[in-house]
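Fold and contact review
Now for the letters of each chain:
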Amino acid sequence: MSLSYHEQMDLKNTKKLRELLKELPAFASDFFRAMEIKKATNTRRNYAYDLSTFFYFLKSENPYFKNKDIRTLPVSVLDDIKPVDIEEYLSFLNYYEKDGQTFINHEEGKARKLATLNTFFGYYHKKEMISTNAPSVVDVPRVKEKNIIRMDANEVAQLIDNMESGEKLSKQQKIWHERNKLRDLAIVVTLLGTGVRVTELVGLDLTDLDFDNGAMRVIRKGGSEDLVYFGEETEEMLRAYLDERLQMEPSEGHENALFISQNNTRITVRSVERLVKKYASTATAKKITPHKLRSTYGTTLYQETGDIYLVADVLGHKNVNTTRKHYAAMKEENKRKAARIIQLREKE
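Only a predicted model underlies this, so the values are computations on that prediction, with no experimental measurement involved.

Let us now look at a positive patch on the surface. A contiguous patch of positive charge, built from Lys-38, Lys-39, Lys-126, Lys-127 and Lys-318, is present on the exposed surface. Looking at the element boundaries, Lys-38 is found in the loop between helix H2 (28–35) and helix H3 (41–61).

Shown next, in the form of structure tokens:
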């Protein structure tokens, strides 16, 4: 039986999680089993990555754990870990090497890994299997608020114009552009016109499109199903590409995928990131990613409607506070307006 994209990703994440569990204490299996009810497979995999880094740190840097087998550690060992050990771990995260690779974590990465430990220790503390939760009393690294990067209206128009003409591409790029023009336009316009995540876009199947209602079925972060509606411009690009797509012969297992790569398989997240970067560079000096196109959609929708709850709903945010980051662009625009209003001298 052919698996859907999301089923394939769940299978891949589950296999990776099982590999990572072999690097963790045996008691960690209880934690991950309890998470299955609420957390998606990619979230559980990310937790496992973070925890494997933590126990790697203990094994390589903490004398107490030097000669111990991580797999056989009892859950009570968590009570032996003190806040100062967690602080040393956060310092270790600044720069370390593992399996021949160099890793660097900034404040955001360290804050996330501390949150993972807090949840991990918290689970066993709640179950009364340990008496302390050392990560919970460690100060969270201060993450600097970043301005949301988005494309302005004129940049969006320029991007689409450049994609249609291909004039600003290199000679080699133009060869691929002619082959993939309709697909690439459909991808970028769909990202800009619906605000879907790149993972939601690459997971689209032919059967997910509903032109009668101007909607597409997407699988949201966490696995929930949702309907996303699109406008005339997006429909036009999708229909143009669909005529071409229906003539293709995808590889086995990819027959129902909407967006197909040069290898006749479902297009990957990495491929979409590359094509967005390539085309966006012809229209703006900003570093644009698929997520920046999502931010562009979110801020534009808020500017037009002033309804943050609508924006949260359309973007698939479970918590409206997640959506409030789109205020950033509005704040900058208000600053610009203030600068234009104030005149120090009357113009002659």
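Following the structure, the description resumes.
Okay, the sheet that holds strand E3 (residues 209–210) next. The antiparallel open sheet is built from three strands, whose spatial order is E3-E4-E5. Two strands close off the open sheet at either side, each with one partner strand: E3 and strand E5 (225–229). Judged from the five bridges that link them, strand E4 (residues 215–219) and E5 form a sheet pairing that is antiparallel. Bridged to Val-218 within E5 is Asp-226.

Applying the stated rule across the entire model yields 22 aromatic pairs. A ring pair is formed by Phe-92 and Tyr-96, whose centres lie 4.8 Å apart and whose planes are at 20°; its orientation type is stacked. The same class applies to Phe-92 and to Tyr-96, which are both buried. A centroid spacing of 6.0 Å and a plane angle of 70° characterise the contact between Phe-211 and Phe-230, whose relative ring orientation is edge-to-face. Here Phe-230 lies in the loop between E5 and helix H9 (232–245) and Phe-211 lies in the loop between E3 and E4, a separation of 19 residues in the sequence. One exposure class covers both Phe-211 and Phe-230, and it is buried. In this arrangement the basic side chain of Lys-68 is found over the ring face of Tyr-64, its NZ or CZ atom lying 4.8 Å from the centre. Here the guanidinium or amino end of Arg-179 rests over the ring plane of Trp-176, the centre of that ring lying 4.7 Å away.

Within the element layout of this structure, Arg-71 appears in the loop between H3 and helix H4 (83–92). With relative accessibility at 34%, the residue Arg-71 sits in the partly exposed group. For the pair Arg-71 and Ala-28, spaced 43 residues apart in sequence, the C-alpha to C-alpha distance is 9.3 Å. At 2.8 Å, the side chain of Arg-71 forms a polar contact with the backbone oxygen of Leu-21.

This part covers the pairing of strand E2 (residues 101–104). Residues in a regular strand project their side chains so that they alternate between the two faces of the sheet. Where strand E1 (residues 95–98) and E2 come together, four bridges link them in antiparallel fashion. Following the sheet pairing, Lys-98 is matched in E2 by Gln-101. Here E1 hands over to E2 after two residues, with Asp-99 in that stretch at a positive phi of 50°.

So, about the pattern of salt bridges. The final tally for this structure, using the stated rule, is 17 salt bridges. Where Arg-217 meets Asp-208, a salt bridge forms, and the shortest distance between an N and an O atom there is 2.9 Å. Given a relative accessible area of 7%, Asp-208 falls into the buried group. In this structure, Arg-270 engages Glu-273 in a salt bridge whose closest nitrogen and oxygen atoms are separated by 3.5 Å. Linking Arg-270 with Glu-273, this pair stays in helix H10 (residues 269–280), spanning three residues, or about one helical turn.

What counts, and at which threshold
Residues numbered from 1 in each chain as written. Predicted model: local features only at pLDDT ≥ 70, side-chain atom pairs only at ≥ 80, totals over all residues. Heavy atoms only, no water. Patch = residues over 30% accessible without salt bridge, like charges linked within 9 Å, V, L, I, M, F, W, Y side chains within 5 Å. Areas by Shrake-Rupley, 256 points an atom, 1.4 Å probe, with all protein chains shown as cover. Salt bridge = Lys/Arg side-chain N within 4 Å of Asp/Glu carboxyl O. Lys, Arg positive; Asp, Glu negative; His and termini not counted. Charge placed at Lys NZ, Arg CZ, Asp CG, Glu CD. Helix = DSSP H or I, 4+ residues; strand = E, 2+ residues; numbered from the N terminus. Pairing = 2+ DSSP bridges. Phe/Tyr/Trp six-rings, centres within 6.5 Å; stacked < 30°, edge-to-face > 60°. Buried < 20%, exposed > 50% of the residue type's maximum accessible area, 1.4 Å probe, protein only. Lys NZ or Arg CZ within 6 Å of the ring centre and 35° of its normal. Polar contact = N/O pair within 3.5 Å; in protein donor to acceptor, adjacent residues only side chain to side chain.

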